[in-house]
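Coordinate inspection notes
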Amino acid sequence: MNPLSSNRIALSLNESYPQHVVTAVVVAHDGAAWLPRVADALLDQSRPVQRIVAVDTGSRDRSGAVLASKFGQAAVFGMDRSTGYGAAVSRALAHRAANVPVPTAAGISPADRVEWIWLLHDDCEPAPDALEQLLRGAAETGAAAVLGPKLRDWSNRDVVLEAGVTLDTAARRVTGIEPREVDQGQHDGDRDTLAVSSAGMLVRRDVWEQVGGFDASMSLFMEDIDFCWRAHAAGYRVRVITDAVCYHVQAAVKRKRPISVGRSARMLDRRNGLITLLGNLPTGQMLTSAVGNVVVSSLRISFFLLAKRMTAAFDEAGAVATVLGHPLRFAAVRRRRARGRRAAYSRVRADLPPGRSARRLAEFVASTMLKSGQADTAGAHHASADPTDDDSLLVDNGLARRLLTSPTLLLFVGLLTVALVAGRSLLGGGPLGGGSLVPLWGGASDLWHTYLQAFHPDGIGSTSAAPPYIAVLAGLATLLGGKPWLAVDVLLIGCVPLSGMTAMLAVRKVTSSALIRTWAAASYALLPVAMGVVAAARFGTALVLILLPLIVAQAGRVCTESRQRAGRAAWATGLLVAIGAAFVPLLWLLALIACCVAAIGLRPYRAVMLRNLAIVACTAPVLLLPWTLTLISNPAQLLLEAGLPQPGTPAAGLPAKALVLLSPGGPGLPPYWVTAGLLVVAIASLFARQRRGQIIAGWSLALAGLLAAVAVSHLTVRPADGGPVTGWTGLPLAIAAIGFLLAAVAGADSLRRPPRGTAGWRALRGGSGVGPMASLLGLIACSAPLLSAACWVGTGVSGPVHQVANPLVPEVVAAASGQSYQVRTLVLRSAHGRVSYLLLRGPSPTLADAALTPPAAAKRALARAVADLIAPDGGLATNQSQLLADFDIGYVLLQEPVNQQLATVLNDVKGLQPYSNISGVYIWQLARSPARVSVVEPNGTVVPIP
């Protein structure tokens, strides 16, 4: 230490608070612009410090030289540039300069001495009496082990920045001070607080060591709040001393220096905020806060994506995944903070303001129109910075205008409006049912149980593998609050806007014109296929309709990208095909055929392409095991979809013009001619002289889709239960539509930039402007989505899908059968002279029932028992009730419309007694309820064991 510095910090016999020994720690990181004033202010304190130690964390300016000139070379040392703030402070306190013996002042016993640590940033200048005021606060409140000053702005010293900080329930730093608020004493007054900033923080050294100092794993940001929270847990008080003032540059917030730790400052700030909040809360509050923060992060990610701020979205997602995606690491974080956690929470609970993020979001929505020119300073917080000033919920320059004029957002809102208006009859009631869909009454846990269990007790019972789409639906339902009916609603009603968004994303590789992209996405989303999907509740095809543009886009990358990118695209294509094939196996069959054709055509080319095609073809059957074995044993299921089998229109009833115009046949479709405009512009694209490769690829895809549609319309399969089912052409026609759109988009894009010397094309375009022919083609093109939307909105959803008010089995029966095991209910329905039956263990069928294969012998036995039960002389038989009991049938239910002749027969069955008549539904109960275990006595008497 140089002589000047030694004299300036020499211990004085007359100094105030002589029993306190203060060690100042200065951490510098590219702070040469501010360090001279910071060092002079430290050395000129009215109450000097006894020791100074300074750390230079790899500065690329003169920070190290400035520190050495001010404090002496012995008090300064360097560390790596990637060193975090907490690690730098810990290393500084172990340095020789921080442990130099200090003589005890006269009249002070060694037992009365108190060691303190004073933390200063390289951009934090303390007022001349800052330390003296902090020590005064320590003397007045003996239990206070952490004290902090009031922070003011370095440049405008009348502006207050902080006077104590806290954390809200969204893990965001809260100062309670408005931006650029002038300090008029409104925040003055010493008081306890949750935390104080590390810029000027004074800490008792023994408490620092007891609590463990700053968490070195947090590197930067939020470590001061975390430390203060742990100090509360150890039983100490944290106070802000407002007469002590420090002037802070907030260099990181204002981007006056780079951040050298972590991938992103925004991600570090968010991650450390979650660690601080979730690591210190008691278990119950932690779980609630974790769920709330996942929701908040989801909203912020959605907002960033809409604002086209992909880096911010990835940072937000990465922060949450880093904390909650590593449960073992998170458990270790909580174990380190376990001591005194509940006692600390009882002390700091009042300092955790709830709902602040929601209020700020509402304020933003109300004031966005008045804001412009907002600088993007998000994610650049130092340990003392106030993240409430970042724009994580605000916008950058002109974002309000960008949102209001964003083609993607406007298209989504428009398609969502069309879908909600057209599906108005499906909103506001119970779960949807009818068509392919079985009403989903349970929760997501029921779907997971159905998928994971080895034996399925529904109906007769089955050991066959559950279809994999059950797992996909269960995962989606889990994300939507455990509500399977909501997952189905999102797929059905949301398939139109969501497919528009995926089409908008996929077509970006084909054209840069926002107008052409919007038209292509709207045309795809409003295909007749989508309306048929909703009307017949084909929720499997709804998901495939959403994924199909992404699949085609990734498949195109497999053939056109470089080797490494093509490999990644192949895996992405295979994964997307696997998800879609779980709902519609025909998708995998078509992908397999396409891969085989491509392999034959590309045989002379490099083996890498063949490997990528094999990845696309084989990913789905491998991921869908063991269900793939079921398809191998029964290939006819390749033509079926998720849910109940729904017949398509056979070839004889599907005109060729309907196929060409992409109308798949079935209920709820608009007139087939509404999509004629799409075919016209696709044909017009054949005359373009640019983008020939994409136009030919589009037409090849369209023709392949049309050929597949013709083939599917000629195929008929017979499911395990029910009559023959003709394949539905919706998926092949959606592929054909993508081909037409690809050709039309490529042709329209070439019309924007015609090649030189093409007189005919220039005449169509109209020279330098838009000619009448081009305008006419534009109107014809727009007619397809507009006519489709108008027809759908006008007629609404017209098909078998409907809202279901109650389960199939009334609650009175379900409640009565709730024993140690559930007895079954035999549901009979008489229509058109035939009696159909359904065996249920619960209140309604499950979604997997149609895909499960019960033992053939058990099916035949049940069919014989039902036939004997409903026979005209069935009531004369003496063993009817025993046959029902053998199948665990405790109730027989006759659905509307009730056949009175059949009801009379059931009334005469011995051992079967009327139970109730609810809204025209007749129910009978076995006189002796079936039992899982029965004892057969020597004389033949059967004694059931309750």
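Everything numeric here is computed off the predicted structure, so don't read it as measured data.

Remarks on the overall build of the protein
- Along its length, the protein carries 36 helices and 23 strands.
- Burial status across the protein gives 54% buried among its 946 residues.
- Within the structure as shown, the protein displays about 40,200 Å² of accessible surface, and the carbon and sulfur contribution to it stands at 61%.

Digging into the packing of aromatic side chains
- Evaluation of the coordinates by the stated rule reveals nine aromatic pairs.
- Pairing Trp 208 with Phe 227 gives two aromatic rings, centres 5.1 Å apart and planes at 45°, and the pair type is tilted. Residue Trp 208 is found in helix H6 (residues 205-211), and its partner Phe 227 is found in helix H7 (residues 223-233); the two are separated by 19 residues along the sequence.
- Its relative accessible area of 5% is what places Trp 208 among the buried residues.
- What makes Phe 227 buried here is its relative accessible area of 0%.
- Centroid distance Tyr 922 to Trp 924: 6.1 Å. Interplanar angle 35°. Geometry classified as tilted.
- According to the relative accessible area criterion, Tyr 922 is partly exposed, its value standing at 23%.
- Over the face of the ring belonging to Phe 77 we find Arg 91, whose NZ or CZ atom lies 4.9 Å from the ring centre.
- Here the guanidinium or amino end of Arg 157 rests over the ring plane of Trp 154, the centre of that ring lying 5.7 Å away.

A word on the pairing of strand E19 (residues 889-894)
- Among the six residues that make up E19, six are buried, leaving the element largely enclosed by the rest of the structure.
- As paired strands, strand E17 (residues 824-831) and E19 are joined by five bridges and run parallel to one another. Looking across to E19, one finds that Leu 828 is bridged to Leu 894.
- The pairing of E19 with strand E21 (residues 921-926) spans four bridges and is antiparallel. Bridge pairing links Leu 893 to Ile 923 in E21.

Digging into a positive patch on the surface
- A contiguous patch of positive charge on the surface is contributed by Arg 508, Lys 509, Arg 565 and Arg 568.
- Among the secondary structure elements, Arg 568 is positioned in helix H23 (residues 563-583).

Considerations on the pairing of strand E4 (residues 114-121)
- In terms of residue burial, E4 counts as a mostly covered element, since six of its eight residues are buried.
- Where strand E1 (residues 20-28) meets E4, eight bridges bridge the pair, whose relative direction is parallel. Looking across to E4, one finds that Val 21 is bridged to Glu 115.
- Sheet topology note: the E4/strand E11 (residues 202-204) ladder contains three bridges and is antiparallel. Note on E11: the bridge partner recorded for Ile 117 is Val 203.

Comments concerning the environment of Leu 268
- Topologically, Leu 268 is positioned in helix H8 (residues 265-280).
- Residue Leu 268 is classed as buried on the basis of its relative accessible area of 7%.

Re the confidence of the model for the protein
- On average, residues of the protein carry a pLDDT of 79, and 84% of them reach 70 or more.
- Considering each helix and strand of the protein separately, the mean pLDDT is smallest for helix H1 (residues 3-8), with a value of 42, and largest for E11, with 92.
- With pLDDT under 50 throughout, residues 1-14 is counted as low confidence; its partners more than four residues away or in other chains account for 25 contacts.
- The low-confidence segment residues 362-398 (pLDDT under 50) makes 106 contacts with residues lying over four places distant or belonging to another chain.

A word on the packing of H7 against H8
- Between H7 and H8, the shortest axis-to-axis distance is 9 Å and the interhelical angle comes to 15°. Relative to H8, the element H7 lies roughly parallel. Here the hand of the crossing between H7 and H8 comes out left-handed. Between H7 and H8, the contacting residues are Ile 225, Asp 226, Trp 229 and Arg 230 on the first element and Thr 276, Leu 277 and Asn 280 on the second.
- When grouped by side-chain class, the residues that make up the contact of H7 with H8 number three nonpolar, two polar and two charged.

Regarding helix H18 (residues 484-493)
- Across the ten residues that make up H18, a large majority, seven, are buried.
- Among the residues of H18, those classed as buried are Pro 484, Ala 487, Val 488, Asp 489, Leu 491, Leu 492 and Ile 493.

Here's the deal with the packing of helix H9 (residues 283-306) against helix H10 (residues 310-324)
- Direction vectors running N to C along H9 and H10 enclose 160°, while the axes themselves pass 7 Å from each other. On the basis of the axis angle, H9 is roughly antiparallel to H10. Like other packed secondary-structure pairs, H9 and H10 cross with a definite hand, here left-handed. Two secondary-structure elements touch here, H9 through Val 294, Ser 297, Arg 300, Ile 301, Phe 304 and Leu 305 and H10 through Met 310, Ala 312, Ala 313, Glu 316, Ala 317, Val 320 and Leu 324.
- Looking at the contact of H9 with H10 residue by residue, the classes come out as ten nonpolar, one polar and two charged.

Considerations on unusual backbone geometry
- Pro 626 follows Leu 625 through a cis peptide bond whose omega is 5°.
- Of note in this structure, Phe 221 is not a glycine but carries a positive phi near 75°.
- The residue Phe 221 is located in the loop between H6 and H7 in this model.
- The backbone of Leu 662 shows a phi angle near 65°, a positive value even though the residue is not glycine.
- Relative to the elements of secondary structure, Leu 662 occurs in the loop between helix H27 (656-660) and helix H28 (676-684).

Points about the environment of Ala 658
- Mapped onto the elements of the fold, Ala 658 is located in helix H27.
- Measuring from C-alpha to C-alpha, the distance between Ala 658 and Pro 671 comes to 9.0 Å, with 13 residues separating the pair along the chain.

Remarks on the environment of Val 490
- With respect to the secondary-structure elements, Val 490 resides in helix H18.
- The sequence separation of Val 490 and Leu 543 amounts to 53 residues, and the corresponding C-alpha distance is 9.8 Å.
- For Val 490, the contacting residues outside a window of four places in its chain are Leu 480, Cys 495 and Leu 498.

Things to note about the pattern of salt bridges
- This structure, assessed with the given rule, holds 23 salt bridges.
- We note a salt bridge from Arg 157 to Glu 125, for which the minimum N-O separation is 2.7 Å. Taken as a pair, Arg 157 in the loop between strand E6 (144-153) and strand E7 (160-162) and Glu 125 in strand E5 (residues 124-126) lie far apart in primary sequence, 32 residues in all.
- Using a relative accessible area of 23% as the deciding quantity, one classes Arg 157 as partly exposed.
- Across the pair Arg 300 and Glu 316 runs a salt bridge, and its minimum N-O distance is 3.3 Å. With Arg 300 in helix H9 and Glu 316 in helix H10, the pair connects residues that are 16 residues apart, well separated along the chain.

Things to note about the state of the cysteines
- Here the structure, examined in full by the defined rule, presents zero disulfides.
- Not part of a disulfide, Cys 595 finds its nearest cysteine sulfur in Cys 596, a span of 7.0 Å.
- The class of Cys 595 is buried, set by a relative accessible area of 10%.

Topic: the side chain of Arg 271
- Inspection of the secondary structure assignment puts Arg 271 in helix H8.
- Buried and without a salt bridge, Arg 271 has Asp 215 as its closest oppositely charged side chain, separated by 7.5 Å.
- Engagement of the side chain of Arg 271 in a polar contact is seen with the side chain of Asn 272, the distance being 2.8 Å.
- With sequence-adjacent residues up to four places away left out, Arg 271 is seen in contact with Ser 217, Met 218, Ala 319, Thr 322 and Val 323.

Conventions we followed
- Residues numbered from 1 in each chain as written.
- Predicted model: local features only at pLDDT ≥ 70, side-chain atom pairs only at ≥ 80, totals over all residues.
- Heavy atoms only, no water.
- Helix = DSSP H or I, 4+ residues; strand = E, 2+ residues; numbered from the N terminus.
- Buried < 20%, exposed > 50% of the residue type's maximum accessible area, 1.4 Å probe, protein only.
- Areas by Shrake-Rupley, 256 points an atom, 1.4 Å probe, with all protein chains shown as cover.
- Phe/Tyr/Trp six-rings, centres within 6.5 Å; stacked < 30°, edge-to-face > 60°.
- Lys NZ or Arg CZ within 6 Å of the ring centre and 35° of its normal.
- Pairing = 2+ DSSP bridges.
- Patch = residues over 30% accessible without salt bridge, like charges linked within 9 Å, V, L, I, M, F, W, Y side chains within 5 Å.
- Salt bridge = Lys/Arg side-chain N within 4 Å of Asp/Glu carboxyl O.
- Lys, Arg positive; Asp, Glu negative; His and termini not counted.
- Charge placed at Lys NZ, Arg CZ, Asp CG, Glu CD.
- pLDDT = per-residue confidence, 0-100.
- Contact = heavy atoms within 4.5 Å.
- Axes fitted to C-alpha atoms, helices over the stretch in contact; angles between N-to-C directions.
- Parallel < 35°, antiparallel > 145°, perpendicular 65-115°, else oblique.
- Left-handed = near helix turned anticlockwise from the far one by under 90°.
- Nonpolar A, V, L, I, M, F, W, Y, C, P; charged D, E, K, R; others polar.
- Disulfide = S-S within 2.5 Å.
- Polar contact = N/O pair within 3.5 Å; in protein donor to acceptor, adjacent residues only side chain to side chain.

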